[in-house]
Amino acid sequence: MSQRFVMAIDQGTTSTRCILFDHNARLVSVAQREHRQYYPRPGWVEQDAVEIWRNVDRIMPQALRDGEISPDQIVALGITNQRETAVVWDRHTGVPAARTIVWEDIRTEELIAELRERPDVETVRERCGLPLATYFSAPKLRWLLDHTPGLRDRAERGEVLFGTMDSWLIWNLTGGVNGGLHVTDVTNASRTMLMNLTTQQWDAELLSFFDIPARMLPEIRPSTEIHGRTTRVVPGIRIAAALGDQHAALFGQTCFARGETKCTYGTGSFLLMNTGTTLVRSNHGLLTTIGYQIGGEPVTYALEGSIAVTGSLVQWFRDNLGLIHSAPEIETLARTVTDNGGCYIVPAFSGLFAPHWHSEARGIIVGLTSYITKGHLARAVLEATAWQTREVVDAMEADLGVPSSVLKVDGGMTADHLLMQCIADVLDVPVMRPMVAETVSLGAAYAAGLAAGYWPDLEGLRRNWHLAARWIPQMDPGHREEEYENWKRAVELTFGWARPRRAADRIR
Amino acid sequence: MPGSIQSIERAAAVLRLLARGSGHHGLAEISASLGLPKGTAHGILRTLQRVEFVEQDHATGRYRLGAALLHLGTSYLDANELRSRSINWSDTLAARSGQEVRIGMHLDGAVLVVHHVFRPDDSMQTLGIGAMLPLHATALGKVLLAYDAELSDFARRRELTSLTRRTIVTPAALERVLAEVRASGWASESEECMPGEASIAAPIRAPGGLVVGAIGVSGAVDRICDPAGRPKPTLVRHVSFAAEAVSRELAA
């Protein structure tokens with residue numbers, strides 16, 4: 001019998017990838033395409049769902065071609081995606097009602113402020129595990145319903161469908177207007193603010209709080225389950241798993257036991273800890289979310305520290321300031337100096353996420369003197385990611401009362417050697433990178449391969465985890481504390497900056 | 001002597017034109033100035049853009065000289081960029097070969113280790129990024145020497161330091177080995193740098209063929225070589241495959 005493989009599609013914030021893995025979890029083929037980001041106004045971030053679908057249409061066949069693999073050698077497909085990003089489309093034409101509103105988008109700030117005044121606001125966090133913030137899908141969906149002419153009526157009549165990117169891709173892959181499946185997985189649903197964490201069903205109270213018609217919502221399924229077969233692009237492939245990217249990374253890092261933690265460094269960065277079947281509520285600004293759900297089993301919960309801006313700060317440094325030519329050059333530039341020269345950058349571009357949740361915060365560069373060079377700024381960019389990690393690690397320790405002894409990392413930014421050393425230094429624990437940096441894709445492949453019986457069990461997957469690199473802390477403790485104090489002071493300076501827009505702006 | 005190549009002459013003319021005056025030129029203007037059909041001029045500009053000798057302004061669509069031209073004399077590929085672009089395939093090489101993987105670039109007469117992946121046996125290992133290795137005594141170094149005539153000239157004129165009893169120390173012997181590397185497309189060494197250690201490496205090429213680095217595996221002699229002391233053919237295949245995959249990634 002010819003060799004068989006698992007396919008993963010990682011629909012990320014800036015690009016979509018199709019990766020094939022073999023039985024030993026080794027990467028066989030990668031195809032990738034970036035999609036456009038639209039920034040129509042300050043704080044708005046949009047994407048074109050059709051462009052993303054077209055990219056999937058190209059990369060699936062390309063990954064097969066590059067690996068010289070035929071479609072019948074693919075055992076299963078796992079889909080993972082940028083979370084919270086909301087798309088609404090017409091079920092009869094497949095045409096999106098508007099551009100997708102991306103997770104980083106903060107246009108719903110005022111809506112959030114209004115909702116916060118409601119008497120029943122306390123029940124929201126209780127039911128969905130999330131703080132009321134612009135980050136999650138429900139406010140974005142509500143905004144689309146309020147601001148797209150006729151959309152609410154069409155939603156009430158059942159003509160339009162809502163989904164996160166997993167739903168959009170599965171609906172399209174399984175036939176689109178010709179009987180496409182309208183489903184989502186429980187991890188993606190846990191990021192909408194509309195799902196009840198305990199029952200894992202859409203919650204009538206939450207739907208009414210956000211004023212969302214139930215008819216437009218997808219059916220909630222476990223993360224690993226045979227959803228159906230593809231009928232388009234490469235027909236006949238079993239779709240056997242779907243889960244949000246951070247949940248996939250938890251799975252790919254084989255954090256299957258309670259207490260196991262990983263941090264994924266991408267556009268934003270996300271620290272997740274498996275809390276087993278216990279639903280842990282945070283007192284320190286972390287989110288309660290679903291880690292994953294294997295078909296036929298109870299859900300595994302997780303605690304999450306979400307950092308909005310890390311890799312995207314490097315992109316901003318490259319694209320908006322033009323100080324570097326490519327993202328990895330940030331390290332080269334940062335190495336032209338030996339320290340930050342007293343300069344700190346707090347990238348509160350979308351407000352601050354965990355552990356602060358200040359949506360009115362805005363970014364600052366502080367400590368500027370005539371001594372500061374672009375090298376110092378580059379250092380401050382990398383250090384911002386390290387200190388933000390420290391804040392969520394501290395929150396996790398405070399919630400659980402257990403100090404962490406090591407940090408497992410993955411994601412594109414783990415290629416930045418200086419950054420990884422810096423994270424080890426500020427956390428004062430070793431930082432470990434597994435052999436597959438593409439852990440998000442690997443997790444989706446694992447979940448799909450598990451559902452399809454390609455891998456027998458979780459223990460089998462664990463044996464595939466190997467250490468690729470380890471960074472050991474080298475920073476002087478006194479210096480670490482001093483720098484952390486400076487960072488905390490810089491963070492405080494960002495609070496309370498944004499003010500509600502003037503009435504005139506609102507009408508426009 | 002063969003005749004001159006017309007498209008290169010035309011590309012040179014485009015660059016000279018862009019270097020003049022305002023430095024910003026539209027396609028119509030370029031094709032009119034050089035008396036070239038628009039399609040031809042466009043093709044030349046697209047190719048020059050691909051090699052980063054020309055840039056196009058997003059807003060106006062006009063062309064100007066690229067930043068890469070100004071830095072022709074300095075290093076062509078950023079070391080951290082190479083690590084970032086090669087991380088997937090070096091992980092895969094480590095997983096397939098079961099050996100530790102290094103990527104090296106030339107810096108100041110030595111091999112600079114820009115990336116290092118541990119041997120996948122979860123034993124205690126130390127990250128070696130930033131280490132400097134000798135050019136003449138490592139497989140990575142031999143690859144870098146083999147495809148850079150000036151560097152190998154320089155290396156042969158210096159004293160070839162003896163590190164073990166098997167280190168190549170005469171210029172003639174080194175040149176013979178480098179010729180073999182060029183013929184086979186990969187390099188190896190056994191106990192030439194450290195007793196008991198061996199390595200295999202192959203070139204990473206940028207689009208156009210320029211060798212910008214080397215990727216290879218290393219470890220105990222009995223892991224890298226067969227009982228006769230020759231590099232194991234499967235490892236050579238894995239290393240060559242990874243080198244080609246990274247080179248393709250650089251072209252993407």
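Residues numbered from 1 in each chain as written. Chains lettered and ligands numbered in written order. Predicted model: local features only at pLDDT ≥ 70, side-chain atom pairs only at ≥ 80, totals over all residues.

## Re the overall build of chain A
Reasoning step 1: On a plain count of helices and strands, chain A comes out with 17 helices and 21 strands.
Reasoning step 2: Taking the principal axes of its C-alpha atoms as reference, chain A extends roughly 65 × 60 × 45 Å.
Reasoning step 3: Residues counted as buried form 55% of the 508 residues belonging to chain A.
Reasoning step 4: Considering only intrachain contacts with a sequence separation of at least 6, the fraction spanning at least 24 residues in chain A is 72%. (Helix = DSSP H or I, 4+ residues; strand = E, 2+ residues; numbered from the N terminus. Buried ≥ 20, exposed ≤ 12 C-beta atoms within 10 Å, placed from the backbone. Contact = placed C-beta atoms within 7 Å.)

## Points about the interface of chain B and chain A
Reasoning step 1: Listed per partner, the contact involves 19 residues of chain B and 22 residues of chain A.
Reasoning step 2: With 11 residues, helix α5 (residues 79–97) of chain B is the largest single contributor of residues to the side of chain B that touches chain A.
Reasoning step 3: Broken down by class, the residue content of the side of chain B that touches chain A amounts to nine nonpolar, four polar and six charged. (Nonpolar A, V, L, I, M, F, W, Y, C, P; charged D, E, K, R; others polar.)

## So, the confidence of the model for chain A
Reasoning step 1: Residues at a pLDDT of 70 or more form 98% of chain A, whose mean pLDDT is 92.
Reasoning step 2: A low-confidence stretch, residues 502–508 of chain A stays under pLDDT 50, and its non-local contacts, those more than four residues away or across chains, total one contact. (pLDDT = per-residue confidence, 0-100.)

## A look at the sheet that holds strand β19 (residues 407–410) of chain A
Residues and elements named next belong to chain A.
Reasoning step 1: The strand order across the open sheet formed by seven strands is β15-β16-β14-β13-β19-β20-β21, and the pairing between neighbours is mixed. Of all the strands in the sheet, the pair left with one neighbour each is β15 (287–292) and β21 (467–471). Averaged over all pairs of adjacent strands, the angle between strand axes in this sheet comes to 30 degrees, irrespective of strand direction. (Pairing = 2+ DSSP bridges. Axes fitted to C-alpha atoms, helices over the stretch in contact; angles between N-to-C directions.)

## Re the pairing of strand β8 (residues 211–220) of chain B
Successive residues of a regular strand alternate their side chains across the two faces of the sheet.
Residue and element names in this part refer to chain B.
Reasoning step 1: For β8, the buried fraction is high: seven of the 10 residues fall into the buried class.
Reasoning step 2: Of the strand pairs in this sheet, strand β3 (residues 100–107) and β8 are connected by five bridges, and their pairing is antiparallel. Note that in β8 the partner of E100 across the bridge is S218.
Reasoning step 3: Between strand β7 (residues 197–205) and β8, which follow one another and run antiparallel, lie five residues, and G208 among them has a positive phi close to 100 degrees.

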